[in-house]
Amino acid sequence: MSEIATEREAKDVAEGIITCDACPVLCRIRPGRTGACDRYGNVGGVLTRMDPMIIASHTEAKRGAMVPFLGAGEWKGTLLPGGETFVTGIGAGTTYPDYKPAPFIVSSRPGGVDMVTVVTEGIFSYCGLKLKIDTDRFVGPEQAAVRAEGEQVGHVTTAEYGSQMLALGGVRHLTGGSKKEGVVTCETMLTLANKGAVELAIDGGATLTVQAGRPPIVNGTQEERMRVGCGSATIGIFAKQWQGHADEVIVVDDHITGVLTEHQAGRFLEMRPSGIRVRGRKSTPGRYFQVANPGLGWGGTDITDPLAIIEKIDAKTAWPGMRLLMVSTTGEDAAYFILDEKLKPVLTPMPEAIRKAVERIGENCEPALTTVMFMAGAGGSLRAGVTENPIRLTRSIKEALVRVTSGGAPVYIWPGGGITYMVDVAAMPDNAFGHVPTPAIVAPIEFTMRLEDYRDLGGHMDSVRPVEAVLEQLQGSKSRNPIPGTTE
Ligand code: SF4
């Protein structure tokens, strides 16, 4: 060891400074202060995880629901069935280098079966968020950059049924761009994962305010309804209810606009063809693509006047007095017309039956929400904190011998190699995530299995502690986690 290093160590001891070794940053922390990420502090000369550790337990009244046991704020999430008390990774801390056993390896006997839960906080450079935003409105072209504070933090990805999708974060934005891009990406992910709101701007598209479990705000307008289905599906659902009240119904949709009398549903009901032809590319009878451009108007198109999508009205087929309803996929936009002697649609007040039919569409829409899924790769070095033979952990998870949770919430493990998991942040306790300035996201993760399986996969058996001992330790330290052996 160099003289300089020895001198510094002596100075640190004299000034009560301790070094945090929970991540590669290796902060030197003065007494009463915290490190760069605020997760660890120097409390009376002991390195301490500053956030309370979250322990969950079943309620008596509502079997299956979990309630906070220690320091969990207002969380009322639904967690693992079976265990009476569950130690989550939130506030558990991290061990670094990874070959050290995880901070908590907890044994318990739910239902008389010897179980063990390996509890840690993973530091993830390989992680991202998938946002499902329930709206038809155009948020931006596929692949467009999504920005926060001017930095690219992700992109628009493939839209889903009634929802626009964003992919945010990921290793490229965290590590592959400028320092600011990495920092802003990390902050954006952290806020969203901890259920906070962020404002995003999409190149060539909209500005969004999004928050897990809340309605999205698109260009300043809060989205209320998620569409009942595409234009064709809306016809499939309501065709029979419209029959007798309208001669033609056109459901305007950016993806698949439906024309009732031409659609299979109208044919099945033996409706008379109306002779109204809409713009766009015909896919199958009564189903049209690209009737307009994407936008913030009717059904996710850019139109505000629905008649703009009518290409022609065939005088040989149409008739004066024809009743035409044009409606969007959420029922938020609707107009009723009657064709005059020249077969020109004339806007007319809606009869009661039509008004009710439009309301029925709205009634069948679900509330529009933003869903935030956290996705990360746990197949790397953090496995060494669980077992000396990491591939066995991966295999045991695939063989369903090990159950993985994040903050107690169930995760979905992707098939194939590695341990790539996905969790709904809304199912987790509040503020379950942290960060380190490398930059990377810190997320709780727990591996639960039978004790004998843990032994078989080469687990750190010497580090297994009964749950009662862990609870006693945490209660003695106000549920904070003092790291043993880290005094100055
Ligand atoms: S950034 Fe946080 S975890 Fe990393 S060394 Fe500093 S205090 Fe410890």
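Look up a bit, the structure's there.
Just so it is clear, the model here is predicted, and its values are computed rather than measured.

Visitor: Would you mind showing me how to read the environment of Ile-361 here?
Guide: With respect to the helices and strands, the residue Ile-361 is situated in helix α6 (residues 352–363). For Ile-361, a relative accessible area of 0% gives the class buried. Residues Ile-361 and Lys-179, spaced 182 residues apart in sequence, show a C-alpha to C-alpha distance of 48 Å. With sequence-adjacent residues up to four places away left out, Ile-361 is seen in contact with Val-228, Thr-234, Phe-238, Trp-242, Val-327, Ser-328, Thr-329, Thr-330 and Gly-331.

Visitor: What exactly am I supposed to notice about the environment of Val-118 here?
Guide: Mapped onto the elements of the fold, Val-118 is located in strand β9 (residues 115–124). On the basis of relative accessible area, Val-118 is assigned to the buried category, the value being 0%. Along the primary structure Val-118 and Met-449 are separated by 331 residues, whereas in three dimensions their C-alpha atoms are 8.7 Å apart. In this structure, Val-118 is in contact with Ala-102, Phe-104, Ile-105, Gly-385, Val-386, Ile-445, Glu-446, Phe-447, Met-449 and Tyr-454, ignoring residues within four places of it in sequence.

Visitor: Hey, could you run me through the environment of Ile-397 in this one?
Guide: Along the chain, Ile-397 turns up in helix α7 (residues 390–398). Residue classification places Ile-397 among the buried positions, given a relative accessible area of 9%. With 345 residues separating them in the primary sequence, Ile-397 and Pro-52 have C-alpha atoms 28 Å apart. Aside from chain neighbours lying at most four places away, what touches Ile-397 is Val-402, Val-404, Ile-413, Ile-419 and Phe-447.

Visitor: It is not clear to me how the site of the ligand should be interpreted in this structure. Could you clarify?
Guide: In the vicinity of the ligand, the residues found are Cys-20, Ala-22, Cys-23, Val-25, Leu-26, Cys-27, Gly-35, Ala-36, Cys-37, Arg-39, Tyr-40 and Pro-437. In the shell around the ligand, the residues fall into 10 nonpolar, one polar and one charged.

Visitor: Sorry, what's going on with the packing of helix α4 (residues 231–242) against α6 here?
Guide: In a packed pair of helices, the relevant descriptors are the angle between the two axes and the axis-to-axis distance. Relative to each other, α4 and α6 sit at 150°, their axes nearing to 11 Å. One way to sum up the angle between α4 and α6 is to call them roughly antiparallel. Of the two elements, α4 crosses α6, and the hand of that crossing is right-handed. Each of Thr-234, Phe-238, Gln-241 and Trp-242 in α4 lies in contact with α6, whose residues at this interface are Ala-357, Arg-360 and Ile-361. Partitioned by chemical class, the residues of the contact of α4 with α6 number four nonpolar, two polar and one charged.

Visitor: Explanation requested: the pairing of strand β30 (residues 403–406) in the structure shown.
Guide: When a strand is regular, its side chains alternate between the sheet's two faces. Pairing geometry for β30 and strand β35 (residues 440–450), over three bridges, is antiparallel. Opposite Val-404, over in β35, you have Phe-447 as the bridge partner. Of the strand pairs in this sheet, β30 and strand β31 (residues 409–410) are connected by two bridges, and their pairing is antiparallel. In the strand pairing of β31, Ser-406 is matched with Ala-409.

The rules behind the values
- Residues numbered from 1 in each chain as written.
- Predicted model: local features only at pLDDT ≥ 70, side-chain atom pairs only at ≥ 80, totals over all residues.
- Heavy atoms only, no water.
- Helix = DSSP H or I, 4+ residues; strand = E, 2+ residues; numbered from the N terminus.
- Buried < 20%, exposed > 50% of the residue type's maximum accessible area, 1.4 Å probe, protein only.
- Contact = heavy atoms within 4.5 Å.
- Near = heavy atom within 4 Å.
- Nonpolar A, V, L, I, M, F, W, Y, C, P; charged D, E, K, R; others polar.
- Axes fitted to C-alpha atoms, helices over the stretch in contact; angles between N-to-C directions.
- Parallel < 35°, antiparallel > 145°, perpendicular 65-115°, else oblique.
- Left-handed = near helix turned anticlockwise from the far one by under 90°.
- Pairing = 2+ DSSP bridges.

So yeah, pure geometry; function would need other evidence.
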